[in-house]
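A look at the structure
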Amino acid sequence: MTDIYDVYGGNFDLESAMQKVSDALGVELVLHSSEHLGGDYYRTSFPNDTVEVIRNGPFEDPDEAPYDEFSEYRVIVVINESPKHDEYRDKLIAAGFEHLEREAIGGPGDAQPIS
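As the structure is a computational prediction, the values presented were derived from the model and not from experiment.

Our focus in this paragraph is the overall build of the protein. Helices and strands together make up the secondary structure of the protein, namely two helices and seven strands. Taken from the N to the C terminus, the helices and strands of the protein come in the order β-α-β-β-β-β-α-β-β. Across the 115 residues of the protein, 43% fall into the buried class. Counting every atom, the protein has about 6,400 Å² of accessible surface; 47% of that belongs to carbon and sulfur.

This is how it looks when you write it as structure tokens:
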């Protein structure tokens, strides 16, 4: 089985991004905190699809951004292992997010970018 991981970027504050994602996808996002992810972030509860909304900046040191390769975006949305990845992509793009990356893991040739 192949799992799909999608990454989106947007230039909203964290709370606005969370509300846009929640409204667009019809999911409830709960506030969490992680030093690894730079502080507060939102995610769905298990066992639902894993949706995360992560602040990506601005940071004093751009290398502190959890997704420094996408440092031009203030927030990153990650969709992990959802069977609704295409539906979610369309809805997030309509909500103002840019689809940045799609990766397939678990199939032939493991961890292949497919966007």
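Here the focus is the nonpolar core. V21, V77 and F97 are the most contacted members of the largest nonpolar core, which totals 19 residues. In terms of residues, this core owes the most to one element, helix α1 (residues 14–25), which gives five residues.

Our next topic: α1. A rise of 1.5 Å per residue sets the reference length of α1, with its twelve residues, at 16 Å; its end C-alpha atoms lie 16 Å apart and thus fit the reference within 8%. Where α1 is concerned, the buried positions are L14, A17, M18, V21, S22 and L25. The buried residues of α1 occupy an angular sector of 130° when the element is viewed end-on, so they sit on one face. Looking at the buried side of α1, the elements it contacts are β3 (39–43), β4 (50–55), β5 (75–80) and α2 (85–94). Near the N-terminus of α1, the side chain that reaches the backbone nitrogen of E15, with its oxygen 3.1 Å away, is that of D13. Within two residues after α1, G26 carries a phi angle of roughly 70°, on the positive side.

Right, let's talk about the packing of α1 against α2 for a bit. The N-to-C vectors of α1 and α2 enclose an angle of 130°; their axes lie 9 Å apart at closest approach. Regarding the angle of α1 to α2, the classification is oblique. In this structure, α1 meets α2 at a crossing whose hand is right-handed. Mapping the contact onto sequence places V21, A24 and L25 in α1 and Y88, K91 and L92 in α2. Here the residues of the contact of α1 with α2 are counted per class, giving five nonpolar, no polar and one charged.

Calculation notes
- Residues numbered from 1 in each chain as written.
- Predicted model: local features only at pLDDT ≥ 70, side-chain atom pairs only at ≥ 80, totals over all residues.
- Heavy atoms only, no water.
- Helix = DSSP H or I, 4+ residues; strand = E, 2+ residues; numbered from the N terminus.
- Buried < 20%, exposed > 50% of the residue type's maximum accessible area, 1.4 Å probe, protein only.
- Areas by Shrake-Rupley, 256 points an atom, 1.4 Å probe, with all protein chains shown as cover.
- Core = buried A, V, L, I, M, F, W, Y, C linked by side-chain atoms within 4.5 Å.
- Expected span 1.5 Å × (residues − 1).
- Arc of directions from axis to C-beta.
- Contact = heavy atoms within 4.5 Å.
- Polar contact = N/O pair within 3.5 Å; in protein donor to acceptor, adjacent residues only side chain to side chain.
- Axes fitted to C-alpha atoms, helices over the stretch in contact; angles between N-to-C directions.
- Parallel < 35°, antiparallel > 145°, perpendicular 65-115°, else oblique.
- Left-handed = near helix turned anticlockwise from the far one by under 90°.
- Nonpolar A, V, L, I, M, F, W, Y, C, P; charged D, E, K, R; others polar.

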